[in-house]
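Chain residues, written in single-letter form:
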Amino acid sequence: MDASSIPSDAECRLIRPASTYDGKQGFSYLAGIAKETVGSTGICMHLLTIPPGGRAKAHLHENHETAIYVISGVSGTWYGDRLQHHETVAAGDLFYIPAGMPHLPYNPGTEPVVAVIARTDPNEQESVVLRPDLDALVPAPPPDAGEAAE
């Protein structure tokens, strides 16, 4: 890409996350980089804190990939057509979710999970598709499940 392909109205933007918004998935996010905040055209990036015992609604991102970097805490994610697969993601881990993959993240522990979430769709919530038919496939973790995971 050379300088002649940069739009004349483009500018760098600094975001200091201060406001939050509630996602369809059931979590609150710190607003970050998205079409809505900076006019991005191919990416969004937000901060997510999953409180102890927090659990998302089963969902997928219809047309975009997701990359997650966990800053602190330990989270679990059920994923697959019937949420039949499971992964534990801890501080320092990177986790990739392909477009269209149903998933359900949760925090089984007693400490918050803090993560950076990046997606290849600048409209953060536009291609979120809730899958209520999958929610009951994953029972709530027992109260002491986080101790075993940490």
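Scroll up to find the structure this text is about.
Read on for an overview of the structure. Residue numbers here run from 1 along each chain, matching the order of that chain's written sequence. Residue-level local features of this predicted model are given only where pLDDT is at least 70; pairs of side-chain atoms are given and counted only at 80 or more, and the full residue set underlies all totals for whole chains, interfaces and linings. Derived side-chain values reflect all non-hydrogen atoms in the structure, with water molecules and hydrogen atoms excluded from consideration.

## A few points about the pairing of strand S8 (residues 94-97)
- The cut-offs for exposure are 20% and 50% of the maximum accessible area for each residue type, with area from a 1.4 Å probe on protein chains only; residues under the lower value are buried, those over the upper are exposed, and the others partly exposed. Secondary structure counts use DSSP, requiring at least four H or I residues in a row for a helix and at least two E residues in a row for a strand, with both numbered from the N terminus. Side chains of S8 alternate between two faces, with Phe-95 and Ile-97 buried and Leu-94 and Tyr-96 left unburied.
- Pairing between strands requires that DSSP locate at least two bridges from one strand to the other. Of the pairings in the sheet, the one linking strand S5 (residues 66-72) to S8 comprises four bridges and is antiparallel in character. For Ile-68, the partnering residue across the bridge sits in S8 and is Phe-95.

## Side note on the nonpolar core
- In this structure, Phe-27, Leu-48, Ile-68 and Val-70 are the most contacted members of the largest nonpolar core, which totals 13 residues.
- Of all elements in the fold, only strand S3 (44-50), S5, S8 and strand S10 (113-119) reach the threshold of two or more residues within this core.
- Of all the elements, S10 adds the most residues to this core, at three residues.
- Discounting chain neighbours no more than four positions away, the residues touching Ile-68 are Asp-93, Leu-94, Phe-95, Ile-97, Ala-115, Val-116 and Ile-117. The definition of a nonpolar core used throughout is a set of buried Ala, Val, Leu, Ile, Met, Phe, Trp, Tyr and Cys residues joined through side-chain atoms within 4.5 Å. Whether two residues are in contact is decided by their heavy atoms: any pair within 4.5 Å suffices.

## Let's talk about the environment of Ala-91
- Positionally, Ala-91 belongs in the loop between strand S7 (85-90) and S8.
- According to the relative accessible area criterion, Ala-91 is partly exposed, its value standing at 44%.
- Considering only alpha carbons, one finds Ala-91 and Ile-71, 20 residues apart in sequence, at a separation of 5.0 Å.
- In this structure Ala-91 touches Val-70, Ile-71, Ser-72 and Gly-73, once residues within four positions along its chain are discounted.

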